Amino acid sequence: MFDFRYHVASLAAVFLALVIGILVGVGVSGRGLVDKSERKILQSNIERLTGDLDAEQARNAQLEQQQNWSRTLVQDAYPALMYGRLTGKRIALVVVGSDAGGAGKSVRKALVDAGAGDVYRYRAIKVPVDAASIDGALVANKQLAGYTGDGKLGDVGRELAHELVHGGKTPLWDALTSQLVEERHGSESKAVDGVVIVRAVPPQGGETARFLTGLYEGLASAGVPAVGAEVHEANPTAVPAFSQASLPTVDDVDQPLGRLALVLLLAGGDHGRYGTGKETAPDGLLPPVVPLTPAAPGA
């Protein structure tokens, strides 16, 4: 889909060149420093720049109109493209921070629109983490004591990710609830079919960064689709951190195309970085949209 903003710079450059040309022409000719032939060349250049500006304005008007048509098409086609893609799927939402904000609302809307219903399992993770407090809680449990000590925070994050995905007994989450959990709800009994992770805090460093890297890597390797998501205006972006852990990403989940991209990834679509950002979405707007196979009569 065209984005009118990407053509503003070229329009400004043409306009600036035109202004400079006019100012130089007026200033120089006014002092009698150019002869008739040079003034004619200068006038020709100004006329050419004026024509370029007119053409660029017309082109941008056309692109803006095409963008509006594309937006309308997406809005009209969105329900049909989303319908039934996640029916029967259990999806978990992990939030780094206390509140997923607009990104969390958009994720929930995408799941409902695609037939998955509400989030099946939810975790909001308290950051920054306190390594000493985590070690203290784990030492008290002989079965979990192997996760204590220097350099083990990444392992803790990875195991928490696996427990979150597989459900059932979750000894590590149970032991670290007071140290790590801002909010926890949803069913624990069954494995989930996909996970969305949203970072609602600035980038973290030190012990917290090591823990989160392990968590992201654990989600990426847990055997179900896991996607990092954020809104279009997220600043700073979490996409580099998610991508480094091999998570596919969507950088515009607050927009219809972003929600569709999220759903396609959760349904097993091509791994990649999608959205409207130039650097955060090098793979384009969407994974390939594969038509759903209609259910057989009576099925």
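Residues numbered from 1 in each chain as written. Predicted model: local features only at pLDDT ≥ 70, side-chain atom pairs only at ≥ 80, totals over all residues. Heavy atoms only, no water.

Chemist: Could you give an account of the pattern of salt bridges, with specific residues and numbers?
Modeler: By the definition in use, this model includes 8 salt bridges. Lysine 109 is paired through a salt bridge with aspartate 113; the nearest N and O atoms lie 3.2 Å apart. A residue pair is termed a helical-turn pair when its members lie 3 or 4 positions apart in one helix, as lysine 109 and aspartate 113 do in helix H3 (residues 101–113) at 4 residues. In this structure lysine 109 comes out as partly exposed when scored by relative accessible area, which is 40%. Residues glutamate 188 and arginine 123 are paired through a salt bridge, measuring 2.9 Å at the closest nitrogen-oxygen approach. Taken together, the residues glutamate 188 in the loop between strand E3 (181–186) and strand E4 (194–199) and arginine 123 in strand E2 (residues 121–125) connect sequence positions 65 residues apart. Each of the salt bridges in this network shares a partner with another, and the network as a whole consists of Arg123, Asp174, Arg184 and Glu188. (Salt bridge = Lys/Arg side-chain N within 4 Å of Asp/Glu carboxyl O. Helix = DSSP H or I, 4+ residues; strand = E, 2+ residues; numbered from the N terminus. Buried < 20%, exposed > 50% of the residue type's maximum accessible area, 1.4 Å probe, protein only.)

Chemist: Describe the pairing of E4, with residues and values.
Modeler: Most of E4 sits out of view: 6 of its 6 residues are buried. Side chains Gly194, Val196 and Val198 project from E4 onto one buried face, and the interleaved Val195, Ile197 and Arg199 project onto a second face that is buried too. Where strand E1 (residues 91–96) meets E4, 6 bridges bridge the pair, whose relative direction is parallel. Considered in E4, the bridge of alanine 92 is made with valine 195. (Pairing = 2+ DSSP bridges.)

Chemist: Mind laying out the packing of helix H4 (residues 131–139) against helix H6 (residues 171–180), listing which residues take part and the relevant values?
Modeler: For any two helices packed against each other, the geometry comes down to the angle between their axes and how far apart the axes lie. Between H4 and H6, the least distance of the axes is 9 Å, while the angle of their chain directions is 145°. In this structure, H4 meets H6 at a crossing whose hand is right-handed. Between H4, through Ser133, Ile134, Ala137 and Leu138, and H6, the contact on the second element is made entirely by Leu172, Ala175, Leu176, Gln179 and Leu180. Partitioning the contact of H4 with H6 into residue classes produces 7 nonpolar, 2 polar and no charged. (Axes fitted to C-alpha atoms, helices over the stretch in contact; angles between N-to-C directions. Left-handed = near helix turned anticlockwise from the far one by under 90°. Contact = heavy atoms within 4.5 Å. Nonpolar A, V, L, I, M, F, W, Y, C, P; charged D, E, K, R; others polar.)

Chemist: Help me get a handle on the packing of aromatic side chains, residues and values and all.
Modeler: Describing an aromatic ring pair means giving the distance of the ring centres and the angle of the ring planes. In this structure the tally under the stated criterion is 1 aromatic pair. The aromatic ring of tyrosine 120 is capped on one face by arginine 90, whose charged end is 5.7 Å from the ring centroid. Looking at arginine 123, its charged tip hangs above the ring of tryptophan 173, at a distance of 4.9 Å from the centre. (Phe/Tyr/Trp six-rings, centres within 6.5 Å; stacked < 30°, edge-to-face > 60°. Lys NZ or Arg CZ within 6 Å of the ring centre and 35° of its normal.)

Purely geometric stuff here, so don't read any function into it on its own.
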